[in-house]
Protein chains: 2
Amino acid sequence: MAVEEGMIGISLTNSAPLVVPTHGAEMLLGTNPISLGAPTRRNPAFLLDMATSVVPRGKIEVYDRNCHQMPVGWAVDENGYDCQNPGQVLKNLIERVGGGILPLGGRGEEFSGYKGYGLSLMVDILCGVLSGAGYGPNVDDVHGNPEAGKTVFPNVGHFFAVIDIARFMPVEGFAARLDDYIDRLKGSRKAFDQETVFIHGEKEWARTLIHREVGIPIGENVLGTLRRIATEAGVEPPVVQPAREQCEFAPSKQGEADA
Amino acid sequence: MAVEEGMIGISLTNSAPLVVPTHGAEMLLGTNPISLGAPTRRNPAFLLDMATSVVPRGKIEVYDRNCHQMPVGWAVDENGYDCQNPGQVLKNLIERVGGGILPLGGRGEEFSGYKGYGLSLMVDILCGVLSGAGYGPNVDDVHGNPEAGKTVFPNVGHFFAVIDIARFMPVEGFAARLDDYIDRLKGSRKAFDQETVFIHGEKEWARTLIHREVGIPIGENVLGTLRRIATEAGVEPPVVQPAREQCEFAPSKQGEADA
C-alpha cells in the first residue's frame, strides 16, 4: 500500500516462540519477520519479506513430510545440540520441551547467529514490548475464549511505519536511482553455478502475475482452518474452485514454507 | 543519545562495497550495519550494532595476519566459489577483481543468504538511495580532493530515526517490560556447551566500564590514521598514554574486527 503511494513501507510482527537465542536451548523468540517495500519505475518494486530465523517453521514441516534430513545449522535439540531430524524438532516445538529453530546465522558465533537473534529481539521490542502486546514466550499467552470453543490467537503485536519519500527527494528521482541500483545488481557477474541475481520481491511478483491468471493455490491445512473459522463466525465458508490450469508452483504445502 | 532520553534510537549507514549479492560474484554492497538501542532500567540497555554481512572486513584481516583458514561460508572468490584463503579475498577486494564477503546467511540459499543480502539492500535504500548519497558500488565514488593531497572519503549516506516511547506507553513501563524479557532470556536453559545467554550491548557495556578505568586501546593502524589526519588538518596529533593496567581485551588489532 505504501509503495503504491510512492512511499517506503515498513512492516514487522512478532510471533509464537519457536526460535532459540544464541547459546540457549529454549524456544523463546518468534520467527519475527522484517518487511520493507520501496517503489521503482521500470523494475518490480523492492519488497523484502523475511523471517529473522534461518528458516521458517513451514520449511521444517516440508522436510519432515518428505523424510529429508535437515542441514546442520537450521535447528537444535532440547540440549542445544545440532539436530538434523525435522520430526524431532517439530515434536519438541509442539510439546515445548526445548530446542527449536536457529536464528539467521545459525548456531553459536561462527556465522554470526547472534545477528539473527538480535534482529529477532529488535522486531520484538518494536512489536511486543513497545505496543503492550506479548513478547518472547509471552506471545503464547493466548487471547480469546478457549472455554467457549472458539479459536484462540497468540497475543502478537505489530509495527508499521511509512516514510514519505517526497520529503527527501522527488519520488521519480528515487525510483530512477533504485532502478539504476537494481540494474547494476542484475547485470553483475554471476557465480559460477548461477544465471540470475534476484532482487527481493522479483520472484513473488512473477508468481503474483500467474496467480492473477489461474487463482491462488491453497493447501488443505489452510483451507480447513478457513472453513473452521468461517463456521465459528457463522459466515459462508470460502468457495474453492479447481485450478484453471496446472501451475508450476507446488499447489499445496510447499507454498506455506516460503516465508 | 536516544536511549539516554528514554527513546528508541535507530542508526544505519551504507559503506564501501565489499559484499557480493546472493548468486553474484562482484562486490557491490557494503557491510551496511543496523543499529538499534532501547532503554532498560536494571539491565544494560539493549544495543544491537551489527554488520549485515556474515563477518566484517576486519575479521578477515585478523585471520590473514594470524595465517588462519577461514570457514566455508564467509567469502567467495572472483568466480563465486567458496574461498577460505583470507589473503586472496583481501587481495581481490583491494584490486577489485571480484569476489568478496558473503551476506549474513552465507553463500546461496541453503542458510538464507538472500536475507542478509536483502537487509544490506534495505539499509542502502534508506541510507544511499533516499538521501542522495552514493549507493552500492557508487559509494566508492570518492569525495574530497585527492589532487590536493587530502584524505578522501567514500560517498556514504546515513539514516537516523528516533521513536518517542512516551507516545506509546510510559518509559518506566517499557523499561520494566524489556528488563523482564531480558531476565527471561538470561535465565533460560543454556546450550550444552555454554554458560551465558548474552543480550546485545551487554559485552560492550562491560568493556566500556573497563575502558573508562584504563583508557581505550588503539591499534597502530588507527593511531597512524589519526596522526595523519591531524597533521593534514593542522591540529595537534592525539596524545597516547601507555595503558594503566593490563586489560583482558586484545589491545591492538582484535578490537577493530568486532563490528
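Everything quoted here is computed from the prediction, not taken from an experiment. (Residues numbered from 1 in each chain as written. Chains lettered and ligands numbered in written order. Predicted model: local features only at pLDDT ≥ 70, side-chain atom pairs only at ≥ 80, totals over all residues.)

1. Looking at the relation of the copies chain A and chain B
Each copy of the sequence occupies a distinct position, and chain A is placed on chain B by a rotation of 180 degrees and an axial shift of 0.0 Å, giving an RMSD of 0.1 Å. In the structure described here, the two chain copies are related by an operation that fits a two-fold rotation axis. Of every C-alpha in chain A, the one belonging to A:Gly105 sits nearest the axis of rotation, 2.6 Å from it. Taken as a fraction of all interface residues of chain A, those also at the interface in chain B reach 100%, which identifies the copy contact as same-surface. (Least-squares fit on C-alpha atoms with pLDDT ≥ 70 in both. Contact = placed C-beta atoms within 7 Å.)

2. A few points about the sheet that holds strand β3 (residues 46-50) of chain A
Strand order in this open sheet of four strands is β3-β2-β1-β6 (chain A), and the pairing throughout is antiparallel. Each end of this open sheet is capped by a strand with a single partner; those strands are β3 and β6 (158-163) of chain A. Averaged over neighbouring strand pairs, the angle between their axes works out to 10 degrees when direction is ignored. Across five bridges, the pairing between strand β2 (residues 34-38) of chain A and β3(A) is antiparallel. Pairing of A:Ser35 across the sheet is with A:Asp49, part of β3(A). Most of the contacts of helix α3 (residues 113-129) of chain B go to β3(A), to which it runs at about 135 degrees, and overall it touches β2 and β3 of chain A. (Pairing = 2+ DSSP bridges. Helix = DSSP H or I, 4+ residues; strand = E, 2+ residues; numbered from the N terminus. Axes fitted to C-alpha atoms, helices over the stretch in contact; angles between N-to-C directions.)

3. Comments concerning the sheet that holds strand β2 (residues 34-38) of chain B
In space, the four strands of this open sheet follow the order β3-β2-β1-β6 (chain B), with antiparallel pairing throughout. The open sheet has two free edges, formed respectively by β3 (46-50) and β6 (158-163) of chain B, since each of these has just one partner strand. Strand-to-strand twist of the sheet, defined as the mean angle between neighbouring strand axes without regard to direction, takes the value 10 degrees. Along the sheet, helix α3 (residues 113-129) of chain A makes contact with β2 and β3 of chain B, crossing β3(B) at roughly 135 degrees.

4. So, the interface of chain A and chain B
Counting residues at the interface gives 57 residues for chain A, matched by 57 residues for chain B. Within the residue set of the side of chain A that touches chain B, elements represented by two or more residues are β2, β3, α3 and α4 (171-186) of chain A. Looking at the side of chain A that touches chain B, its residues break down into 33 nonpolar, 17 polar and seven charged. (Nonpolar A, V, L, I, M, F, W, Y, C, P; charged D, E, K, R; others polar.)

5. So, α4(A)
In this model, α4(A) (16 residues) spans 22 Å end to end at C-alpha, consistent with the 22 Å of a helix rising 1.5 Å per residue. Taken together, the buried positions of α4(A) are occupied by A:Phe174, A:Ala175, A:Leu178, A:Tyr181, A:Ile182 and A:Leu185. Buried residues in α4(A), looked at end-on, bunch into an arc of 125 degrees, giving them a common side. Packed against the buried residues of α4(A) are β2 and β3 of chain A together with α3 of chain B. (Expected span 1.5 Å × (residues − 1). Buried ≥ 20, exposed ≤ 12 C-beta atoms within 10 Å, placed from the backbone. Arc of directions from axis to C-beta.)

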